[in-house]
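Architecture and fold: a report
Each chain is listed here by its residues.
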Amino acid sequence: MKALVFDGKLRFLDDYPQPRRSRGEVLIRVALAGICKTDIEIIKGYMGFTGILGHEFVGTVVESDNPNLTGRRVVGEINCPCGNCDLCRQGLGKHCPNRTVLGIHGRDGAFAELTVLPEQNLHIVPDGVSNEEAVFVEPLAAAFQILEQVNIERDMKVAVIGDGKLGILVAQALSSAGCSPIVLGHHVSKMKLLRNLGIATCLSEACDMANFDFVVECSGSPGGLEKAVQIVKPCGTIVLKSTIAARQSLDLSALVVNEISLIGSRCGPFRRALDALKRGEVAVRPLIWKTFDLADGVRAVEEATSPKALKVLLKIE
Ligand SMILES: [Zn+2]
Ligand SMILES: [Zn+2]
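Residue positions are given per chain, counting from 1 as you read along its sequence in written order. All chains are assigned letters beginning at A, and all ligands numbers beginning at 1, according to the order in which they are written. Reporting in this predicted model follows two pLDDT cut-offs: at least 70 for local features of residues, and 80 or more for side-chain atom pairs to be given and counted; totals over whole chains, interfaces and linings ignore these cut-offs and use all residues. To obtain the side-chain values, all non-hydrogen atoms of the structure were used and water was disregarded.

Focus on the pattern of salt bridges
Threshold: Salt bridge, as used here: a side-chain nitrogen of Lys or Arg that lies within 4 Å of a carboxyl oxygen of Asp or Glu. Think of it this way: any DSSP run of H or I at least four residues long counts as a helix, any run of E at least two long counts as a strand, and we number them from the N terminus. Buried means the residue's accessible area, taken with a 1.4 Å probe over protein chains only, is under 20% of the maximum for its type, while exposed means over 50%, and partly exposed covers the values in between.
One pass over the full model with this rule turns up 13 salt bridges. One salt bridge connects R21 with E63, and the closest N-O pair in it is separated by 3.0 Å. In this pair, R21 is assigned in the loop between β2 (10-13) and β3 (25-35) and E63 in strand β5 (residues 56-63), connecting sequence segments 42 residues apart. Accessibility expressed as a relative area gives 39% for E63, which makes it partly exposed. Ionic pairing is found between E41 and K44, a salt bridge with its closest N-O pair at 3.1 Å.

Things to note about the packing of helix α4 (residues 137-149) against helix α9 (residues 270-278)
Note the threshold: Orientation is described by axes fitted as lines to C-alpha atoms, over the contacting stretch for helices, and by angles from 0 to 180 degrees between their N-to-C directions. Just so you know how the angles are binned, under 35 degrees is roughly parallel, over 145 roughly antiparallel, 65 to 115 roughly perpendicular, and the rest oblique. Should any heavy atoms of two residues lie within 4.5 Å, those residues are considered in contact. Side-chain classes are defined by residue name, with Ala, Val, Leu, Ile, Met, Phe, Trp, Tyr, Cys and Pro counting as nonpolar, Asp, Glu, Lys and Arg as charged, and the others, Gly among them, as polar.
Taken N-terminus to C-terminus, the directions of α4 and α9 make an angle of 110 degrees; their axes are 8 Å apart at the nearest point. Here α4 lies roughly perpendicular to α9, going by the angle between them. Across the interface between the two elements, V137, E138, L140, A141, F144, L147 and E148 from α4 touch F270, R272, A273, L274, A276 and L277 from α9. Here the residues of the contact of α4 with α9 sort into 10 nonpolar, no polar and 3 charged.

A short note on the sheet that holds strand β9 (residues 106-107)
The strands making up a sheet associate through hydrogen bonds between their backbones, and the pairing can be parallel or antiparallel. Counted only if it meets this: A strand pair is defined by DSSP finding two or more bridges across the two strands.
In space, the 3 strands of this open sheet follow the order β7-β8-β9, with mixed pairing throughout. Two strands bound the open sheet, and with one partner strand each, they are β7 (79-80) and β9. One ladder, built from 2 bridges, connects strand β8 (residues 100-102) with β9; its direction is parallel. Note on β9: the bridge partner recorded for L102 is R107.

Overview of the coordination of the zinc ion (ligand 1)
Rule in force here: With water omitted from the atoms examined, metal sites may look incomplete; donors here are N, O and S atoms no farther than 2.8 Å from the metal, or 3.2 Å in the case of Na, K and Ca.
Around the zinc ion (ligand 1), the protein contributes the donor atoms C36 (SG) and H55 (NE2), at 2.0 to 2.3 Å from the metal centre. Of this pair, C36 sits in the loop between β3 and α1 (37-43) while H55 sits in the loop between β4 (51-52) and β5; the two residues are 19 residues apart in sequence, bridging distant segments of the chain. Comparing C36 with H55 shows no difference in burial state: the two are buried.

Topic: the coordination of the zinc ion (ligand 2)
Note the threshold: Between 85 and 135 degrees for all angles marks four donors as tetrahedral; over 155 degrees for opposite donors together with 65 to 115 for all other angles marks four donors as square planar and six as octahedral; every other arrangement is irregular.
Protein-derived coordination of the zinc ion (ligand 2) comes from C82 (SG), C85 (SG), C88 (SG) and C96 (SG), at a distance range of 2.3 to 2.4 Å. Its 4 donor atoms give the zinc ion (ligand 2) angles of 103 to 117 degrees at the centre, a pattern that matches the tetrahedral case. All donors of the zinc ion (ligand 2) belong to a single chain; written as a sequence motif, their spacing is C-x2-C-x2-C-x7-C. Taken as a pair, C85 in the loop between β7 and α2 (86-89) and C96 in the loop between α2 and β8 lie far apart in primary sequence, 11 residues in all. A residue is classified by how much of its surface remains accessible, and C85, at 14% relative accessible area, is buried.

Topic: the nonpolar core
Threshold: Take the buried Ala, Val, Leu, Ile, Met, Phe, Trp, Tyr and Cys residues and link them wherever side-chain atoms come within 4.5 Å; each set so joined is a nonpolar core.
V75, F144, I146, I152, V170, L174 and V216 are the most contacted members of the largest nonpolar core, which has 44 residues in total. Counting residues per element, this core draws most heavily on α4, at 7 residues. Once you skip the residues sitting within four places of it in the chain, F144 turns out to touch A173, S176, P269, R272, A273, A276 and V282. In this structure, M1, I42, L117 and L294 belong to the second largest nonpolar core, which totals 43 residues.

Focus on the sheet that holds strand β17 (residues 261-264)
Spatially, 6 strands are ordered β14-β13-β12-β15-β16-β17 in an open sheet, and the strand pairing comes out parallel. Among the strands making up the open sheet, the edge pair consists of β14 (200-203) and β17. Within this sheet the neighbouring strands show an average axis-to-axis angle of 20 degrees, counted without direction. Two strands pair when backbone bridges link them, and strand β16 (residues 232-240) and β17 are joined in this way by 4 bridges, in the parallel orientation. For T237, the partnering residue across the bridge sits in β17 and is S261. Along the sheet, helix α6 (residues 188-196) makes contact with β13 (182-185) and β14, crossing β14 at roughly 160 degrees.

This is the structure:
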């Protein structure tokens, strides 16, 4: 089958072996997949992963133990826990130490004609949600995860650092819950897009006062956390969303002196993301930058690394 594979170098192959599913797993024909910052970080060495990249996708079930699933349009959660360890038994499967993660750790991903996930990971895409919208469910769920972790009151001052894809999704998720975040960015066109969505923006350099109750760091760059520490109020909270390959060096004493809470935040609730798309509470289509055929995947990833780019999609079916 056709696949976009990273083995130290990114390459498109048309003779990659087809995956086979085990019991409880589902074989999915991928229709559309999204290139994420994490994919680009993997190519730089993050996670030490080799194999088929890709964890943001929408597709159709072609083979499953459950005949009702066959032919259904689905998206899939990316963490595949063992189901037997202490963390799994506590319902913390996404932290299972034995887990595989689609296209990120120990499991081939979705930049291919076919991919495999456990049946329990799948969510049916409602009819009113198009493939172009559904392909955003994974990153949008990660944006909504913040609201599962912290309670942000409507009158609290909230800043989102980063005007990239994740920052735009996070700002919309927070807005849909009644908050009024301001996004700190660098890119004129992305900040204009945000304002068109009704979200306030500010040039990052122009915003340096420590007056935010919550700061969500989505910049994807090593300087983002430093900025967050600069603008969070004493006793405020910083939520970290960026996963980057580079190591950070930061003076943490400001966190101690100002009694700042620092919260890591990763994957989130797919159902909530699908509901938000179905109800039209979040606009994802403006984030689509370009769509490439899978065979042009190497070029597509190059395009996705451009600072101007938003979401680059791979059309597979
Ligand atoms: Zn991602
Ligand atoms: Zn486990």
